[in-house]
Amino acid sequence: MSEKVVNDRRPSGRADPPLISWIVPVFNTENLLVETLDSIAADGQPDIEIIIVDDGSTDASPARIADWMRNSTVPTLHVRQENAGLSAARMTGVKYASGKFIGFCDSDDLVEASCYRKLALLAERAGCDVAVCRSMVFDSVSHVVHDFYDAPIWDQVLQGRSCVVTSARRDPQVFRFEPNANTRLLRREFMLEKRIEFPLGLHFEDFPVHVEVLAAAGKILLLDSTGYFYRVNRPGKITDQKSERRFDILKAVALGFEAMEKYRVDEAGRAYIAIMAARMTYWCGKNTLNKARRRFFRAACEQMAAAIDASAARYCMKNGIDRREAILVSAFRAKAARFLTAYSSERPTAKFWALGLLFSWRHGRKLRRTLARAVLARVARRTGRLSPAF
């Protein structure tokens with residue numbers, strides 16, 4: 001794959017590298033990308049650069065980029081390549097990046113630039129390899145903004161502190177943060193030294209990088225500030241589509257488990273990686289095509305049962321795992337594909353297939369209590385005697 005530099009408006013012979021190199025992959029987002037670029041440039045600081053990688057757009061995105069660059073004073077590089085996917089576009093951007101830190105932003109989302117600048121300055125001062133901020137969800141239809149689902153995990157780790165320098169060994173719950181490359185800055189030298197790469201041609205490519213980056217980092221900075229706004233409910237968004245590409249999560253999870261083994265992640269870390277893998281795999285299975293759902297969960301169960309060891313599973317059950325996560329981790333380990341298929345489809349037969357787990361002594365007393373409560377709660381909700389809690 002080759003790319004072409006369309007326009008390079010970065011200063012030559014710069015004495016000091018930019019603080020942040022922003023990499024923005026673009027594919028057919030003509031109506032949104034200007035808003036995205038404006039959000040990155042909003043801080044008005046001269047010590048950033050923006051690298052826009054047009055991944056073979058067929059709409060007016062190239063023209064929008066050209067217009068924006070003509071009217072902007074931010075050092076910007078515009079590269080165009082044949083369509084190769086998000087991972088390839090990101091890695092093209094990394095090749096041209098010269099900043100101390102590298103940040104990623106999808107071309108339909110928004111950032112709070114001042115938050116990332118603070119993130120970079122604090123991380124540089126503390127010698128951190130990775131710096132992470134909070135994120136929120138922005139609904140394109142309702143215009144409602146709300147916290148991402150990992151907000152309670154942030155609260156647990158921060159414990160009221162505004163900024164924390166930690167590591168995955170000290171705070172293994174960082175593995176439970178949303179596995180999204182856009183919510184973090186990576187020190188460029190760290191990324192090159194560890195050969196951090198997004199897997200090419202794969203959807204859900206952030207999960208293995210999430211595991212590897214956090215496991216490999218010597219120091220991780222966490223900032224109690226919202227920097228990323230993730231747009232949902234827009235036409236054409238990949239993560240909103242039901243297709244065979246949902247099966248990509250199986251490969252992504254396998255790569256994540258490989259990174260976990262490579263860096264010898266401890267028991268607690270393995271447990272939290274297993275929880276995230278179970279959540280993401282179940283979500284993809286639930287959103288795959290109906291005709292493919294049973295096949296998906298059969299393959300997922302084989303993979304997860306082999307990857308989640310007994311020690312990590314026991315840690316999951318004993319340390320703050322919620323009811324849903326307990327069911328998912330245990331069901332995958334028990335290879336309960338029929339239960340997962342029925343449960344994800346909200347079929348009445350889910351209660352029948354749950355019996356196999358209830359009487360499986362392998363998964364312990366807590367799971368039996370958890371499954372019993374979940375089944376009873378679901379029955380009660382259907383009869384109107386209990387408000388939804390699961």
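For the structure, see preceding data.
Bear in mind the structure is a predicted one, so any value in this text is a computation, not a measurement. Residue indices begin from 1 for each chain and proceed along its sequence in written order. Totals for whole chains, interfaces and linings use every residue, but because this is a predicted model, local features are given only for residues with pLDDT of at least 70 and side-chain atom pairs only at 80 or more, for both listing and counting. To get the side-chain values, all heavy atoms of the structure are used, and hydrogens and water are removed first.

Asker: Quick question: what am I supposed to make of the state of the cysteines here?
Answerer: Formally, a disulfide is one covalent bond, and it connects the sulfur atom of one cysteine to the sulfur atom of another. Working definition: a disulfide is two cysteine sulfur atoms within 2.5 Å of each other. If you walk through the whole model with that rule in mind, you get zero disulfides. Free cysteine: Cys115, not disulfide-bonded; nearest cysteine sulfur from Cys133 at 4.3 Å. Free cysteine Cys128: the closest other cysteine sulfur is in Cys163, separated by 7.8 Å.

Asker: It is not clear to me how the packing of helix α8 (residues 248-262) against helix α10 (residues 293-307) should be interpreted in this structure. Could you clarify?
Answerer: Here, axes are lines fitted to C-alpha atoms. For helices the fit covers the stretch in contact, and angles between N-to-C directions go from 0 to 180 degrees. Numbering of helices and strands runs from the N terminus, with a helix taken as a DSSP run of H or I at least four residues long and a strand as a DSSP run of E at least two residues long. For the pair α8 and α10, interaxial distance at closest approach is 11 Å and the crossing angle is 5 degrees. The angle between α8 and α10 falls in the class roughly parallel. Taken together, the residues of α10 that come into contact with α8 (itself represented by Ile249, Leu250, Val253, Ala254 and Phe257) are Phe296, Ala299, Ala300, Gln303, Met304 and Ala307. The classification used treats Ala, Val, Leu, Ile, Met, Phe, Trp, Tyr, Cys and Pro as nonpolar, Asp, Glu, Lys and Arg as charged, and all other residues, Gly among them, as polar. Of the residues that constitute the contact of α8 with α10, the class distribution is ten nonpolar, one polar and no charged. Should an angle fall under 35 degrees it is taken as roughly parallel, and over 145 as roughly antiparallel, whereas 65 to 115 is taken as roughly perpendicular and any remaining angle as oblique. Every residue pair with non-hydrogen atoms within 4.5 Å of one another is taken to be in contact.

Asker: Looking at this structure, I do not really get the nonpolar core. What am I missing?
Answerer: Taken as a class, soluble globular proteins show a tendency for nonpolar side chains to be buried jointly. In this structure, Phe104, Leu222, Ile249, Phe332 and Leu340 are the most contacted members of the largest nonpolar core, which totals 81 residues. It is helix α9 (residues 267-286) that provides the largest number of residues to this core, a total of twelve residues. Beyond its immediate stretch of four places on either side in the chain, Leu340 contacts Tyr282, Phe297, Cys301, Leu328, Ala331 and Phe332. Membership of the second largest hydrophobic core comes to 36 residues, among which are Trp22, Val26, Ile52 and Cys105. Take the buried Ala, Val, Leu, Ile, Met, Phe, Trp, Tyr and Cys residues and link them wherever side-chain atoms come within 4.5 Å; each set so joined is a nonpolar core. Remark: exposure states derive from per-residue accessible area (1.4 Å probe, protein chains only) relative to the maximum for the residue type, with buried under 20%, exposed over 50%, and partly exposed in between.

Asker: Can you help me understand the environment of Leu119 in this one?
Answerer: Tracing the backbone through its elements, the reader meets Leu119 in helix α4 (residues 113-126). On the basis of relative accessibility, which here comes to 0%, the residue Leu119 falls in the buried class. The spacing of Leu119 and Leu221 is 102 residues in sequence and 7.9 Å in space, taken between C-alpha atoms. Setting aside residues no more than four positions away along its own chain, Leu119 makes contact with Ala131, Val132, Cys133, Leu185, Leu221 and Leu223.

Asker: How should I be thinking about unusual backbone geometry in this particular structure?
Answerer: Glycine aside, a negative phi is what most residues show, and trans is what most peptide bonds show. Backbone geometry at Asn28 places phi at a positive 55 degrees, although glycine is not the residue there. With respect to the element layout, Asn28 can be found in the loop between β2 (20-26) and α1 (33-41). According to the relative accessible area criterion, Asn28 is partly exposed, its value standing at 28%. With a phi close to 55 degrees, Arg195 is a non-glycine residue in the positive phi region. Considering the arrangement of structural elements, one finds Arg195 in the loop between α6 (188-193) and α7 (206-216).

Asker: Looking at this structure, how should I read the packing of aromatic side chains?
Answerer: When the centres of two rings from Phe, Tyr and Trp lie within 6.5 Å, Trp using its six-membered ring, the rings pair. Their planes under 30 degrees apart give stacked, over 60 give edge-to-face, and anything left gives tilted. Taken as a whole and judged by the stated rule, the model has 13 aromatic pairs. Seen in terms of ring centroids, Phe148 and Tyr230 are 5.8 Å apart; in terms of plane orientation they differ by 75 degrees. Their pairing is edge-to-face. One end of the pair, Phe148, is in the loop between β8 (145-147) and α5 (151-158); the other, Tyr230, is in strand β11 (residues 220-232), with 82 residues separating them in the sequence. Across the pair, exposure class does not vary: Phe148 and Tyr230 are buried alike. An angle of 90 degrees between the planes, with centres 6.3 Å apart, marks the rings of Phe204 and Trp283 as edge-to-face.

Asker: Which parts of the structure should I look at to understand the environment of Arg176?
Answerer: Mapping Arg176 onto the fold places it in the loop between β9 (163-166) and β10 (184-187). Residue class for Arg176 comes out buried when judged on its relative accessible area of 9%. Linking Arg176 and Val211, residues 35 residues apart in sequence, is a C-alpha distance of 9.8 Å.

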